[in-house]
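Residue-level structural notes
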Amino acid sequence: MVIHVFLNDKLISADIIVPLLYEIKEYRGNDKNTKIRFYFSSYKDNGLESLMRNIVLFDSMCNLGEYIVYGRKNFSRFSKLLHRIWLIKFMLMNSISIIFRDSYIFHFGAIDKYPLRFFYLINKKKSYFFSQWPFAYPENLFTVNNHYKKRKLNNNSVSASKYITYKNDKNPDLYRFKDIKNIHLDCNPHRGISWLKYLENNGQKWVNLYNLNFKPNQYITYALRHFNSEAALVNPKTDLADLLHDTLEIIDNTLSNKTILLKPHGFTDISHLKEVVKKFSKNKYIIVELHPLILSYISKVFISNFFSILYNDAHIFNTPVIEYTRYSDETLSLINNGPIYPEYVTHFINNDSDYFSKTLKTISDEKYTENKFVSKESCDAINISSIFSKDKG
């Protein structure tokens, strides 16, 4: 069996599919006669750099199979010619594999357009479109984004026979999949036992890169965000930079001799971040590119200035989440004066630095019982068989 995974050039697509593939490898490939090969393909310019920086995710992906870059921007005639030759080779090799082997196509929209749509045309029954959300899409997120920047309908034809999603999916693009079979997996892939065991077995290796301990409740993690709707803030032109500086300043004035882990977003300017961090010295600040599940396990608290999908991983290990932000009154009225995703936020603090400092100090001083990496909340087996059901004939 061969599974061709076409990433959507965003870190989030890799972050949802790689954990699921570990479950597929374990439960679909448990027959000695079943060998699964994975091929990952993505376009270079939108997400490759951030994906390769994410040490855990990229390492885990390469452990499963082969990673291929099939396209890139070109600025000269010669480079364009080389790219076209490479693209033809890529199309030919994948077409041969799909036609002559038991092949599946997993994607997030990459093959909805030509030339990649050709792969769907030669393997329609085994082409599956996957949701990028392992939990219910936050309605508040859609409300805020749509209010400040009207969402355009995506009318592209879906190149898939199935839409693979998760429980309580409220993706605003669901209308696109009403004419194809919808498969709902019964568990968040980040809770899959195969994935968690793999992380647990390799966790110390990855945290060693930053001289950290692979033990629970050790650090404070500040998850940086790439904000898509600056208009939601009080001062759209300045609040992003101000929040970064103010958050670090409050942390530095509240705590001392602590290790603060800074988790950059895929689009964070690392050079600029390093310059900002130089201004603070009461704690040790380390920029880390670890998976949020690893960070959730070793952290006492997560801090963020806006909704992050990382909240999902903090929730898995019961790690408190502080959302310290500066929403405008208009934005607060849209989201009922609370956070974007209330279920995952422990403390919502809007423009109150004193309360943020007090809350952070309280959490930092508390003692926690040690979490188990794999617990009773983990999923023994995601219903993998439903993905592959009734493919023949």
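For the structure itself, consult the block above.
Attention here is on the structure that accompanies the text.

The rules behind the values
Residues numbered from 1 in each chain as written. Predicted model: local features only at pLDDT ≥ 70, side-chain atom pairs only at ≥ 80, totals over all residues. Heavy atoms only, no water. Helix = DSSP H or I, 4+ residues; strand = E, 2+ residues; numbered from the N terminus. Rg over C-alpha atoms; globule rule 2.2 N^0.38 Å. Buried < 20%, exposed > 50% of the residue type's maximum accessible area, 1.4 Å probe, protein only. Areas by Shrake-Rupley, 256 points an atom, 1.4 Å probe, with all protein chains shown as cover. Lys, Arg positive; Asp, Glu negative; His and termini not counted. Charge placed at Lys NZ, Arg CZ, Asp CG, Glu CD. Salt bridge = Lys/Arg side-chain N within 4 Å of Asp/Glu carboxyl O. Phe/Tyr/Trp six-rings, centres within 6.5 Å; stacked < 30°, edge-to-face > 60°. 1 Å grid on protein atoms, 1.4 Å probe; cavity = no way out; pocket = protein on both sides within 12 Å on 5 of 7 lines; lining within 4 Å. Points joined across faces, edges and corners; volume = space filled by probe spheres on them. Pairing = 2+ DSSP bridges. Right-handed = clockwise from strand over helix to strand, strands pointing away. Contact = heavy atoms within 4.5 Å. Polar contact = N/O pair within 3.5 Å; in protein donor to acceptor, adjacent residues only side chain to side chain. Expected span 1.5 Å × (residues − 1). Arc of directions from axis to C-beta.

1. Some thoughts on the overall build of the chain
Check the secondary structure of the chain and you find 14 helices and 13 strands. Over its C-alpha trace the chain gives a radius of gyration of 22 Å, about what one expects of a compact globule, namely 21 Å for 393 residues. For the chain, the C-alpha atoms occupy an extent of roughly 65 × 45 × 45 Å along the three principal directions. By residue count, 55% of the 393 residues in the chain fall in the buried class. Surface summary for the chain: the accessible area is close to 18,900 Å², and the carbon and sulfur share equals 49%. Considering the chain, the positive charge centre built from 52 side chains and the negative charge centre built from 39 side chains are found 8 Å apart.

2. Considering the pattern of salt bridges
Close approach of charged atoms lets side chains of opposite charge pair. With the rule as written, the count across this model stands at 8 salt bridges. In this structure, Arg-53 engages Glu-289 in a salt bridge whose closest nitrogen and oxygen atoms are separated by 2.8 Å. With Arg-53 in helix α2 (residues 44-53) and Glu-289 in the loop between β10 (284-287) and α10 (292-298), this pair connects stretches of sequence that are 236 residues apart. Among the residues examined, Glu-289 registers a relative accessible area of 9% and is labelled buried.

3. Quick word on the packing of aromatic side chains
Two measures describe an aromatic ring pair: the distance that separates the ring centres and the angle between the ring planes. Tallied over the entire structure, the rule returns 29 aromatic pairs. Both rings, one in Phe-106 and one in Phe-130, keep their centres 4.6 Å apart while their planes meet at 50°; by these two values the pair is tilted. Here Phe-106 is found in strand β4 (residues 103-107), whereas its partner Phe-130 is found in strand β5 (residues 127-130), with 24 residues between them in sequence. The exposure classification of Phe-106 matches that of Phe-130, with both residues buried.

4. Digging into empty space enclosed by the protein
Across all of its chains, the model carries 2 cavities of 30 Å³ or more by this definition. Space inside the second largest cavity adds up to approximately 40 Å³. Contributing to the lining of the second largest cavity are Asp-15, Ile-16, Gln-132, Pro-134, His-190, Ile-309, Asn-312 and Asp-313. Within the residue set of the lining of the second largest cavity, elements represented by two or more residues are α1 (11-27) and α11 (310-316).

5. Re the pairing of strand β13 (residues 347-350)
One face of the sheet, then the other: side chains in a regular strand alternate in exactly this way. Bridge count between strand β12 (residues 321-325) and β13: 4 bridges; the pairing is parallel. If you follow Glu-323 over to β13, its bridge partner there is Phe-348. Taking the sense of rotation as the criterion, the β-α-β connection linking β12, helix α12 (residues 329-334) and β13 turns out right-handed.

6. A short note on the environment of Ile-340
Among the structural elements, Ile-340 can be located in the loop between α12 and β13. For the pair Ile-340 and Leu-141, spaced 199 residues apart in sequence, the C-alpha separation works out to 5.9 Å. Sequence-distant contacts of Ile-340, that is, excluding residues within four places in its chain, are made with Pro-138, Asn-140, Leu-141, Val-144, Phe-306, Phe-307, Glu-323, Tyr-327 and Ile-335.

7. Some points on the side chain of Ser-159
Examined against the element boundaries, Ser-159 turns out to sit in the loop between α6 (139-148) and β6 (162-166). Residue class for Ser-159 comes out buried when judged on its relative accessible area of 0%. In this structure the side chain of Ser-159 is engaged in a polar contact, spanning 3.1 Å, whose partner is the backbone oxygen of Ile-111. Every residue in contact with Ser-159, bar those within four places of it in the chain, is listed here: His-107, Ile-111, Asp-112, Arg-117, Tyr-120 and Ser-127.

8. Brief notes about unusual backbone geometry
Most peptide bonds are trans, and most residues other than glycine sit at a negative phi. Cis rather than trans, the peptide bond between Tyr-114 and Pro-115 has omega equal to 10°. When you line up the elements, Pro-115 lands in the loop between β4 and α5 (117-121). Here Asn-217, not a glycine, exhibits a phi torsion of approximately 60°, which is positive. With respect to the helices and strands, Asn-217 occurs in the loop between α7 (193-207) and β8 (219-223). Asn-217 sits in the buried class, given a relative accessible area of 15%. The phi torsion at Asn-336 lies on the positive side, around 60°, for a residue other than glycine.

9. Focus on the pairing of strand β2 (residues 37-43)
With respect to burial, β2 is a largely interior element, 5 of its 7 residues being buried. Two elements, strand β1 (residues 2-6) and β2, share 5 bridges in a ladder whose sense is parallel. Within the sheet, the bridge partner assigned to Val-2 lies in β2 and is Arg-37.

10. Points about the side chain of Ser-308
Mapped onto the elements of the fold, Ser-308 is located in the loop between β11 (299-304) and α11. Judged by its relative accessible area of 2%, Ser-308 is buried. Within the structure, Ser-308 has its side chain in polar contact with the backbone nitrogen of Leu-310 (distance 3.0 Å).

11. Quick notes on helix α13 (residues 353-365)
Look at α13: 18 Å from first C-alpha to last across 13 residues, which is about the 18 Å you get at 1.5 Å a residue. Within α13, burial applies to Phe-356, Thr-359, Leu-360, Ile-363 and Ser-364. Looking straight down α13, one finds that the buried residues subtend no more than 130° of arc, so they occupy a single side. Away from its buried face by more than 90 degrees, α13 exposes Asp-354 and Lys-358. Looking at the buried side of α13, the elements it contacts are β8, α8 (239-254), β11, β12 and β13.

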